[in-house]
Amino acid sequence: MNSTDSQSAQGGLALEAVGLGLQHQDGWALRNCAFELPVGRVCGVVGPNGAGKSTLLALGARLLTPTEGELRVLGESGDTPELRPRVGFVAQDKPLYPSFTVAETLRLGRELNPRWDQQLAQRIVDQGELSGKARIGSLSGGQRTRVALALALGKRPELLLLDEPMADLDPLARHQLMGTLMAEAAEHGTTIVLSSHVLAELDGVIDHLLLVRSGRIMLAGELDELLDAHLLLTGGGDPAQLAGHTVVESRSTGRRTTALVRTGTNTDATDAWESSRPSLEDLLLGYLRSPSPADTTTSTYSEAAA
Ligand SMILES: Nc1ncnc2c1ncn2[C@@H]1O[C@H](COP(=O)(O)OP(=O)(O)OP(=O)(O)O)[C@@H](O)[C@H]1O
């Protein structure tokens, strides 16, 4: 058993991608991805439309099979019967049986899942004031999302994969359900991986980040470490002074330049600049605006920083 196997077997890693790629007829949705997500983290998956976020989550849920490489889930390489009850997945389109009532949907969850938590699932449904007799097909998009989250959380998975879970929820429901998710993570150590385009929704919630762009992992790691390793610099200095750092992205308006840099060893070079720790939004926008990763991407933050 190599060191990676033993770490996974001890439950150290919820996800571990090695040379992961998924090819569709038209091209690669993900290519050469490598990252590790330790158990117990709340991980945000961020990236532009078409970046590969849903593909990554569907690979984790074993709805897709890699074309190359692998994505180990809770230490398991393939789609084993033992893995299924341990992983919950809410897809972007929240597929549920439209002819079932809410109560029948929860009953199905109870019958299919050995660790089913009826109280939790029922509480999530009740908070949305949904009648057990209502048919799924008659619910609004946000109400269906609530039922889908009740099903996924009621399963009591060790790993919860959520593809844009909050997109069609009203602000109160969003706040309520995010609170329930965080309480779940804190109480049971559930690993939560959620994709979102709403950066404000992730701020203060996630402690791990995966930034996907053009099918590549641009950044992966603990959020605090990533933020600590970058600086947001503002000034009228010569951008050539930033040579001691790796400039992720810079913009100039008039004589002022703002640059997001990965800090290097030569910090004297930036004395002439105002510097601050970037916010999550600064970090994400900087990387999303930076030149295309297609030819230059490295697979993990630590490699990228090397
Ligand atoms: N079934 C499919 N057949 C062919 N190509 C596909 C299929 N599903 C996804 N793709 C392509 O794979 C790439 C990644 O798609 P994916 O849905 O994973 O992106 P995403 O980051 O989730 O996007 P969004 O933010 O818009 O949901 C895109 O180029 C998309 O066109």
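Reading guide: rules and limits
- Residues numbered from 1 in each chain as written.
- Predicted model: local features only at pLDDT ≥ 70, side-chain atom pairs only at ≥ 80, totals over all residues.
- Heavy atoms only, no water.
- Pairing = 2+ DSSP bridges.
- Helix = DSSP H or I, 4+ residues; strand = E, 2+ residues; numbered from the N terminus.
- Axes fitted to C-alpha atoms, helices over the stretch in contact; angles between N-to-C directions.
- Contact = heavy atoms within 4.5 Å.
- Core = buried A, V, L, I, M, F, W, Y, C linked by side-chain atoms within 4.5 Å.
- Buried < 20%, exposed > 50% of the residue type's maximum accessible area, 1.4 Å probe, protein only.
- Domains from an automatic or database assignment.
- Near = heavy atom within 4 Å.
- Polar contact = N/O pair within 3.5 Å; in protein donor to acceptor, adjacent residues only side chain to side chain.
- Areas by Shrake-Rupley, 256 points an atom, 1.4 Å probe, with all protein chains shown as cover.
- Salt bridge = Lys/Arg side-chain N within 4 Å of Asp/Glu carboxyl O.
- Buried area = accessible area lost by both parts, 1.4 Å probe.

Some words on the sheet that holds strand 3 (residues 42-46)
- Spatially, the six strands line up as an open sheet ordered 5-6-7-3-8-9, and their pairing is mixed. Of all the strands in the sheet, just strand 5 (87-90) and strand 9 (216-222) have a single pairing partner and so form its edges. Each neighbouring strand pair of the sheet contributes to a mean axis angle of 10 degrees, computed without reference to strand direction.
- Pairing of strand 6 (residues 159-163) with strand 7 (residues 191-195) involves five bridges; the strand directions are parallel. Within strand 7, the position partnered with leucine 162 by the bridge is leucine 194.
- In the packing of helix 9 (residues 280-289) onto the sheet, contacts are made with strand 3, strand 8 (208-213) and strand 9, and the angle to strand 8 comes to roughly 20 degrees.

Focus on the sheet that holds strand 13 (residues 274-276)
- Here four strands make up an open sheet; going across it, the order is 11-12-10-13 and the pairing antiparallel. Edge strands, defined here as strands with exactly one partner in the open sheet, are strand 11 (246-253) and strand 13. Shown here is a sheet whose adjacent strand axes are inclined to one another by a mean of 20 degrees, direction ignored.
- By the bridge criterion, seven bridges tie strand 11 to strand 12 (residues 256-262) in an arrangement that is antiparallel. Within strand 12, the position partnered with threonine 246 by the bridge is arginine 262.

Comments concerning the nonpolar core
- Residues Ile206 and Leu209 are the most contacted members of the largest nonpolar core, which totals 49 residues.
- It is helix 5 (residues 141-154) that contributes the most residues to this core, six residues altogether.
- The two domains that each donate at least three residues to this core are domain 1 (13-214) and domain 2 (224-289).
- Beyond its immediate sequence surroundings of up to four residues, isoleucine 206 is in contact with Val42, Cys43, Gly44, Leu194, Leu223 and Leu280.
- Of all hydrophobic cores here, the second largest spans 29 residues; its members include Leu15, Ala29, Leu161 and Val193.

A short note on the site of the ligand
- Around the ligand sit 13 residues in total, of which Gly50, Lys53, Ser54, Thr55 and His197 are the nearest.
- Between the ligand and glycine 52 there is a distance of 2.9 Å, counted from an oxygen atom to a backbone nitrogen or oxygen.
- In isolation the ligand offers 640 Å² of accessible surface; the protein chains occlude 59% of this area.
- It is helix 2 (residues 53-60) that contributes the most residues to the shell around the ligand, three residues altogether.

Topic: the side chain of threonine 191
- Residue placement: threonine 191 occurs in strand 7.
- Using a relative accessible area of 1% as the deciding quantity, one classes threonine 191 as buried.
- Separated by 2.7 Å, the side chain of threonine 191 and the backbone nitrogen of glycine 40 make a polar contact.
- If we ignore the near neighbours within four places in the chain, the residues touching threonine 191 are Ala14, Leu37, Pro38, Val39, Gly40, Arg41, Glu158, Leu159 and Leu160.

Focus: the pattern of salt bridges
- Using the criterion set out here, one finds 16 salt bridges in the structure.
- Its salt-bridge partner being glutamate 76, residue arginine 86 comes within 4.0 Å of it at the nearest N-O pair. Here the residue arginine 86 occupies a position in the loop between strand 4 (68-73) and strand 5, and glutamate 76 occupies one in the loop between strand 4 and strand 5, the gap between them amounting to ten residues.
- Beyond isolated ion pairs, a larger network of salt bridges with shared partners links Glu76, Arg86, Arg115 and Glu158.

Observations regarding the environment of isoleucine 136
- For isoleucine 136, the position within the fold is in the loop between helix 4 (118-127) and helix 5.
- Residues isoleucine 136 and serine 99, spaced 37 residues apart in sequence, show a C-alpha to C-alpha distance of 6.3 Å.
- Contact partners of isoleucine 136, with chain neighbours within four places excluded, come to Leu96, Tyr97, Pro98, Phe100, Thr101, Val102, Thr105, Arg144 and Val147.

Side note on the environment of serine 131
- Tracing the backbone through its elements, the reader meets serine 131 in the loop between helix 4 and helix 5.
- In this structure the C-alpha to C-alpha distance between serine 131 and glutamate 274, which are 143 residues apart in sequence, comes to 56 Å.

Thoughts on the domain arrangement of the chain
- If you check the domain split of the chain, you get domain 1 (13-214) and domain 2 (224-289).
- For domain 1 and domain 2, the distance between their C-alpha centres works out to 34 Å.
- Counting from both sides, the interface comprises ten residues of domain 1 and, opposite them, nine residues of domain 2.
- Between domain 1 and domain 2 lies a buried interface of about 800 Å² when both sides are counted; carbon and sulfur atoms form 82% of it.
- Of all residues in domain 1, Leu199, Leu209 and Leu211 bury the most surface against domain 2, accounting for 56% of the area lost on that side.
- Across the domain 1-domain 2 interface, the total number found is zero salt bridges.

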